Each structure stands twice: as C-alpha cells, then as structure tokens.
Amino acid sequence: MRAVGGAGGYRVPVAKGSGLGVRGWLLLGLTTVVALAATGVWNPFPGMWDWVNRRSPISEPDLVWQQRIGGTPRSVTIAGETVVVEQRTRVEARSLATGSQLWERKADWSAVAGGGAEAVVAVGRLLVKGYEVLDPTTGVTRRRDNDAVAVWTYRNLLLDARCVEATDCTLSAWEPRGVAPLWTAFLPGVSSGLLADNPNLLDSRRLSSPRIHGEVAGPETVPALLGFPVDGRVHVVDTATGRVLQNVEPERDERLAVIGGRLLRIVARSQDGNCYFTISGRDAATGQETWQRSGLNLRTADSAGCVQREDPYGARNVLVGVAPDGREAILDGYDGRLLLATENSERVLAVDDRYAVVRTAGRDGISGRELSSGQVRWNRPSGEKAGAALTPYAAVVADEKPNRLVALDPRTGRELVALRTSANALAVGPAGMVIGEGREIGYIRFGAASGDPARNGDPGRNGDGSVPGPAGSPGAPGPQGSCGPKNELCSDPDSGK
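With an unreviewed UniProt entry as reference, the chain is termed Pyrrolo-quinoline quinone repeat domain-containing protein, source organism Micromonospora gifhornensis.

Here's what the structure looks like:
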C-alpha cells in the first residue's frame, strides 16, 4: 500500500499497482476536495453554488434590474416609485429604482388606485368582507374597511360596494388617499359576480395580445358613467355625483353597455342565417336617443341565434366593430362618429381615445393612426403574429421570430426602448417598462443605455426631480386621462393649434 498526501496530513490510501480508472480518479478527486473543505484549506462550494444559481438576463440589452420573485405574477403595476406585484396568495412591492423588496403581505387579491405620489394598493381576501388600503412604499395600512364585498380602482377614484342585505347595497366613492367617501349611492343589490377587485361592469372589452399583459396600462381615469348589472337590469351611475341616472332592463335581443358617457343599446336580430346589428346611443339622464348606426358587428354575439353574451370591443370612449364588407371600424361612443375605417385585410391591434395600432394588409407591418384626423402617424415592419397595446405613455409592440418587445411614442413611432426577449410586457410607467418571464421580472428605462444606472439613482425622474414623458422628449403625449373625455384639452403640436 502507498498513500497520497493531502493538506493537513490527511492521507488517502491507494492500493499499490492498482488501476483506478476514470471513476476511481473522480472519486479520489472528490474525496480530496471534501477533505480540503473540511479542514478549511480550500472550499469551492459557495462559488460553485453562486455559479449554478446565477440568473440569466431575460433580455438583451440587459435591464436596469432583474429580480426573482416567489411565484409567477398575476399582475404587475407601477405605482409611483414602486412596482406592485400580485401573486396567487400574496402581494409585494419592490423599489422601481433597484428592484429590492420593500414589503410583502398575504392577500388573495390586490389592485392599485391613484397615480404617481397619490397611488395606493387595495388588498383583500376571497370570500371575506372588507379590504385594506396600503401605502405602496411602506405597506402601512392607510384605511381599513370591514364590510365591502367589491372594489373598483381607477387613477383618480376608488369605488366600493357594501350590502346590508341582498337587496340593500351602497356604492361609495373615495379619493385614493381619502379618509371619507365623496358620495354614496343606493343600489338594490349587486350581482353575485361582483366580488373582490374590479369585477366586470357593462362597458367594453380590451383587445388582447400575446405576451402583453391585459393590465399593462395600469389604472385608468374613471369614466363619467358606469353601468352596474343588478338582477338582469343595468343601473347607470354618474361617477361625479353618485346619482343613479337610469335603471334599465334590456329587451330579449338587446345588450346594454355604458361607454363614452352614453347608454348603448345593441340589438342583434337573426335573419337568413346571419346576425344583423343596430347600435344606438342614449342620453343617460333622459333616455333620449342621440345617435344610431346599423350594420356594424361589435362581436357581442355568438353564432347560436345571435345571443349577445359579450361586451363590445373597445377602450374608454371608443368601440371597435366589423362593417358588412369585412373592414374594421372604430366609433366614438358619445356621438357615433366613424373615427377610423381600415382597408381590406387590415386589422386593429390596439386602440385608445387618441390612436389606433393597425396591422397592414400584407401582414408584414404595423402602423399608428390618429383617430382625430385619420392620419397615418408612422409605419414599421413587423412579423405576421405581432401584437400591440396602447398605454398612456407608450405603444407596446410584441413580435415573434425573432422575439422582440418594443415601446414606441404613439404619436411619432419613435423607439423608446427595443429589447430582444421572449419575456412578456407586464407594466408601463411614465419612464420605463416592467417585463417578466416566469418568476423573473425586470425594469428597463425609456431611452436608457443597457444596464445604465438610473439618473440620480431614480429611473423615473429628470435631474430636476420632474417626471419626464417617454424618453424625456418634448412634445411627448401625456397620460391618457389628461385630455378630457372628448380629447378637447389636447392639441396636436404639428397642427399649429
């Protein structure tokens, strides 16, 4: 027998003249490393674990920060200087500047109300009455309610509903950080589906897109009117005063929706194997018809007898439908005006009150259209399966083969950031975007070089502390809710107005 010397006098016996072979030498090497680690001479295991656990960047260029969270996020919202992440059984907030966790709470649902410094986080438990309003930076409870069964969150308002009995409910409106309700309104019960956060009201459905989260735009400004479904009827509530303006029961072939400050009556009639549609807008206070249009299919009905089970597609004050010739059209919900008619084979991918993103007829490009003038603002090439979404601060385009996420100025089409990534767009704020893949989420600033540290340690502010528009550029569009319900407060810099 001979011995192989080791550190600290440790000797490993080896049979003289024996052939160890590959497995024997590997076992000998492992035994030697364990011996060295045990005696404190050399321990490679911490470094090896760090290498195994190292996170691969989820995009190129790299993000300002990237963090792994406890589970796959259900929603992500930028709230002031924080990123609020909702998961299956908890909610957490992270610093927008660094991605470090600020706080965590157990909760079955969460939703952000308010914007900027006025933002708050409402959290609650399923099948348990009540909710809490938290500060997004500290997680401290600002207000607690023990009776509400449903909550709706907007950029400038928070609504909740509480019921003493099944037919005796009260709807209350709060400023996001308010401590007393602005108004209360009586509702004769609430739908059994009106539970937890943001249950469905009778309004419009957003156009969806793969790899772009449905709530990427964050909370929006509360509409002038809301339609609450109660026992087969629609109660139209004025959100400025809390006054219930209408209590309407739809006809058998009707679907009601409250969009653009009007009560819309959508009639679908079956004839010759087809569905024929008529849409009319009514003044919510008087019930008087203000406009009517026939022939536009708002995709509210299925093929079985033209039964309307879905809300129409659209956003805020506009509707998206299909004309009899197959072209898509965008209508103003307030006065029924035709804002945009696409060409043959074009498709509307995203829309808001100001712009539309349209896939061109050749399916090899997309374009930005301005609704007020119908003008084509920009064009860019894209893949056949490209999707898009419009937010108050950027138009987001998700492309495949190769995988890309691009944020654009919706007015000019200028790139704010372009990422080579298969991740999803989760949230867009005034100065950047949160993306995610699996349990990994990260933040990229508009106009920032890859991996650059945030200016003054803050990715969302200029050097003077002000919040920039996209890429900090002059003339960039402001938040969507800043133009008024009819876009009357915004002017086009190119128009000279």
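Engineer: Go over the overall build of the chain, please, and point to the residues and values.
Structural biologist: The secondary structure content of the chain amounts to 2 helices and 38 strands. Counting over 497 residues, the chain shows a buried share of 49%. Contacts spanning at least 24 positions in sequence make up 45% of the contacts within the chain whose residues lie at least 6 apart. Surface summary for the chain: the accessible area is close to 23500 Å², and the carbon and sulfur share equals 49%.

Engineer: Would you mind going over the pattern of salt bridges in detail, with residue names and values included?
Structural biologist: Overall, the coordinates contain 30 salt bridges when judged by the stated rule. Between Arg 125 and Asp 108 there is a salt bridge, with the nearest N and O atoms lying 3.1 Å from each other. Of this pair, Arg 125 sits in the loop between strand E9 (120–124) and strand E10 (131–134) while Asp 108 is found in the loop between strand E7 (101–106) and strand E8 (109–113), placing the two residues 17 residues apart along the sequence. Glu 415 is paired through a salt bridge with Arg 380; the nearest N and O atoms lie 3.2 Å apart. Of this pair, Glu 415 sits in strand E35 (residues 415–420) while Arg 380 sits in strand E31 (residues 376–381), placing them 35 residues apart in sequence. Residue Glu 415 is classed as partly exposed on the basis of its relative accessible area of 41%.

Engineer: Mind laying out the nonpolar core, listing which residues take part and the relevant values?
Structural biologist: In terms of nonpolar packing, the biggest core is built from 21 residues, with Val 428, Met 433, Ile 435 and Phe 446 touching the most fellow members. For this core, the elements supplying multiple residues, two or more each, are strand E33 (395–399), strand E34 (404–408), E35, strand E36 (424–428) and strand E37 (432–437). Sort the elements by how many residues they give to this core and E35 lands first, with 3 residues. Once residues within four sequence positions are removed from consideration, Val 428 is found in contact with Ile 78, Val 216, Thr 391, Tyr 393, Ala 394, Val 396, Met 433 and Phe 446. Counting 19 residues, the second largest nonpolar core, distinct from the first, contains Leu 157, Ala 161, Leu 187 and Leu 201.

Engineer: If you had to explain the pairing of strand E4 (residues 75–79) to someone new, which residues and values would you point to?
Structural biologist: With respect to burial, E4 is a largely interior element, 5 of its 5 residues being buried. Taking every second residue as pointing to the same face, both faces of E4 are buried, with Ser 75, Thr 77 and Ala 79 on one and Val 76 and Ile 78 on the other. Sheet topology note: the E4/strand E5 (residues 82–86) ladder contains 5 bridges and is antiparallel. Residue pairing in the sheet places Ser 75 in a bridge with Glu 86 of E5. The turn linking E4 back onto E5 is made up of 2 residues, and Gly 80 within it adopts a positive phi angle of 65°.

Engineer: Give a detailed account of the state of the cysteines, specifying residues and quantitative values.
Structural biologist: Two cysteines, two sulfur atoms, one covalent bond between them: this is a disulfide. Going through the model one piece at a time under the given rule, you end up with 2 disulfides. Across the disulfide, Cys 163 is cross-linked to Cys 169 (sulfur-sulfur distance 2.0 Å). One quick way to see it: the torsion about the S-S bond of Cys 163 and Cys 169 is about 105°, and its sign makes the bridge right-handed. Here Cys 275 connects covalently by a disulfide to Cys 306, the sulfurs 1.9 Å from one another. When the S-S torsion is -105°, as for the bridge of Cys 275 with Cys 306, the disulfide is left-handed. You can see Cys 275 sitting in strand E22 (residues 274–282) and its partner Cys 306 sitting in the loop between strand E23 (289–294) and strand E24 (313–315), a full 31 residues away along the chain.

Engineer: Before we move on, can you summarise the side chain of Arg 255 with the specific residues and values?
Structural biologist: Tracing the sequence through the fold places Arg 255 in strand E20 (residues 254–259). Within the structure, Arg 255 has its side chain in polar contact with the side chain of Asp 311 (distance 3.0 Å). Apart from residues lying up to four places away in sequence, Arg 255 is in contact with Leu 202, Leu 264, Arg 265, Ile 266, Thr 300, Gln 308, Arg 309, Glu 310 and Asp 311.

Engineer: So what about the environment of Ser 100? Which residues, and what values?
Structural biologist: Locating Ser 100 in the fold gives a position in the loop between strand E6 (90–95) and E7. For Ser 100, a relative accessible area of 33% translates into the label partly exposed. With 17 residues separating them in the primary sequence, Ser 100 and Val 83 have C-alpha atoms 9.9 Å apart. With near-sequence residues (within four places) excluded, Ser 100 lies in contact with Gln 67, Ala 93, Arg 94 and Ser 95. There is a polar contact of 2.9 Å between the side chain of Ser 100 and the side chain of Thr 98.

Engineer: If you had to explain the packing of aromatic side chains to someone new, which residues and values would you point to?
Structural biologist: Enumeration according to the criterion identifies 2 aromatic pairs in this entry. Taking the centre distance of 6.4 Å and the plane angle of 20° together, the rings of Trp 65 and Tyr 443 count as stacked. Within this pair, whereas Trp 65 is found in strand E3 (residues 65–68), its partner Tyr 443 is found in strand E38 (residues 440–445), the two being separated by 378 residues in sequence. We note that Trp 65, like Tyr 443, is buried.

What counts and what doesn't
Residue numbers run consecutively from 1 along every chain, following the written order of its sequence. Owing to the predicted nature of the model, reporting of local features is limited to residues with pLDDT of at least 70; listing and counting of side-chain atom pairs is limited to 80 or more, with chain, interface and lining totals taken over all residues. Water and hydrogen atoms were dropped before computing side-chain values, which therefore reflect all heavy atoms in the structure. Runs of E in the DSSP output that reach at least two residues are strands. Runs of H or I that reach at least four are helices, and both are numbered from the N terminus. To sort residues, take the accessible area from a 1.4 Å probe on protein chains only and compare it with the maximum for the residue type: under 20% means buried, over 50% means exposed, and anything in between is partly exposed. By definition in these notes, contact holds between two residues if any of their heavy atoms fall within 4.5 Å. Calculation of accessible area relied on Shrake-Rupley with a 1.4 Å probe; when residues are assessed, cover is drawn exclusively from the protein chains displayed. Any carboxyl oxygen of Asp or Glu that lies within 4 Å of a side-chain nitrogen of Lys or Arg is treated as forming a salt bridge with it. Buried residues of nine kinds, namely Ala, Val, Leu, Ile, Met, Phe, Trp, Tyr and Cys, make up a nonpolar core once their side-chain atoms join them within 4.5 Å. What makes two strands pair is DSSP finding at least two bridges between them. Whenever a pair of cysteine sulfur atoms sits within 2.5 Å, that pair is classed as a disulfide. Throughout this description, a polar contact denotes any pair of N or O atoms lying within 3.5 Å of each other; where both atoms belong to protein, one of them has to be capable of donating a hydrogen while the other can accept it, and for residues adjacent in sequence the pair is counted only when both atoms sit in side chains. Classification of ring pairs uses Phe, Tyr and Trp, with its six-membered ring standing for Trp, and accepts pairs whose centres are within 6.5 Å; under 30 degrees between planes counts as stacked, over 60 as edge-to-face, and the remaining range as tilted.

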